[in-house]
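# Fold and contact review
Below, each chain spelled out in residue letters.
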Amino acid sequence: LEYRRSKVMKYGVPDLTDEQLLDDWDVHIFPNMEFNLLFDQVFGYVVHPDPDNADSCVYEVISLTQPKPGEPLPEYELEIVDDYRTYPWNSTIAQDLSVFASMQEGLHSRAFPGMRFAAYRERGLRHTHEMIDRWLELYQQ
């Protein structure tokens with residue numbers, strides 16, 4: 001909180017509450033997008049299935065940050081990363097990505113009982129999977 005409070009002072013919006021500084025709003029857009037909204041940035045993911053490999057996908061990361069007052073808006077850049085393990089991600093994204101391969105492998109385990117989501121924090125994910133199930137049922141008929 002202290003770090004974020006010092007950071008928000010640089011952006012010229014010192015009146016944000018502690019909750020506004022700490023909140024991380026997760027927005028899921030059916031069927032394949034998620035955006036995280038924080039006080040100073042928006043980042044998101046768009047996932048596209050690989051039609052040739054059910055255990056693979058194209059994973060797009062979108063990152064938008066707030067410039068400080070008086071700074072010009074930076075130019076955007078599109079980067080294509082062929083191997084996510086070689087890119088210098090921030091520690092949170094790197095940690096998330098580091099478990100993808102083993103998680104995917106675990107989905108094929110005979111001991112895997114099926115998806116279980118945390119009751120509160122992952123209710124958006126649970127809803128997304130319920131929507132996917134309904135959508136597949138509707139369009140498979």
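You'll find the structure just up there.
Please read all numbers here as calculations on a predicted model, not as lab measurements.

Another point: the overall build of the protein chain. A tally of regular secondary structure across the protein chain gives five helices and four strands. Helices and strands appear in the protein chain in the N-to-C order α-α-β-β-β-β-α-α-α. Since a compact globule built from 141 residues should have a radius of gyration of about 14 Å, the 19 Å found for the protein chain marks it as more spread out than a globular shape. Relative to its full complement of 141 residues, the protein chain shows a buried share of 11%. Once local pairs closer than 6 in sequence are excluded, the contacts in the protein chain between residues at least 24 apart make up 31%. The protein chain carries 12 positive and 25 negative side-chain charges, and their two centres are separated by 7 Å.

To continue, consider the sheet that holds strand β2 (residues 33-37). Taken in spatial order, the four strands make up an open sheet running β1-β2-β3-β4, and their pairing is antiparallel. The open sheet terminates on both sides in strands that have one partner only, identified here as β1 (25-29) and β4 (53-65). Neighbour to neighbour, the strand axes of the sheet diverge by 15° on average, direction disregarded. Taken together, the 10 bridges between strand β3 (residues 41-50) and β4 define a ladder with antiparallel strand orientation. Directly across from V46, in β4, lies its bridge partner E60.

How each quantity is defined
Residues numbered from 1 in each chain as written. Predicted model: local features only at pLDDT ≥ 70, side-chain atom pairs only at ≥ 80, totals over all residues. Heavy atoms only, no water. Helix = DSSP H or I, 4+ residues; strand = E, 2+ residues; numbered from the N terminus. Rg over C-alpha atoms; globule rule 2.2 N^0.38 Å. Buried < 20%, exposed > 50% of the residue type's maximum accessible area, 1.4 Å probe, protein only. Contact = heavy atoms within 4.5 Å. Lys, Arg positive; Asp, Glu negative; His and termini not counted. Charge placed at Lys NZ, Arg CZ, Asp CG, Glu CD. Pairing = 2+ DSSP bridges. Axes fitted to C-alpha atoms, helices over the stretch in contact; angles between N-to-C directions.

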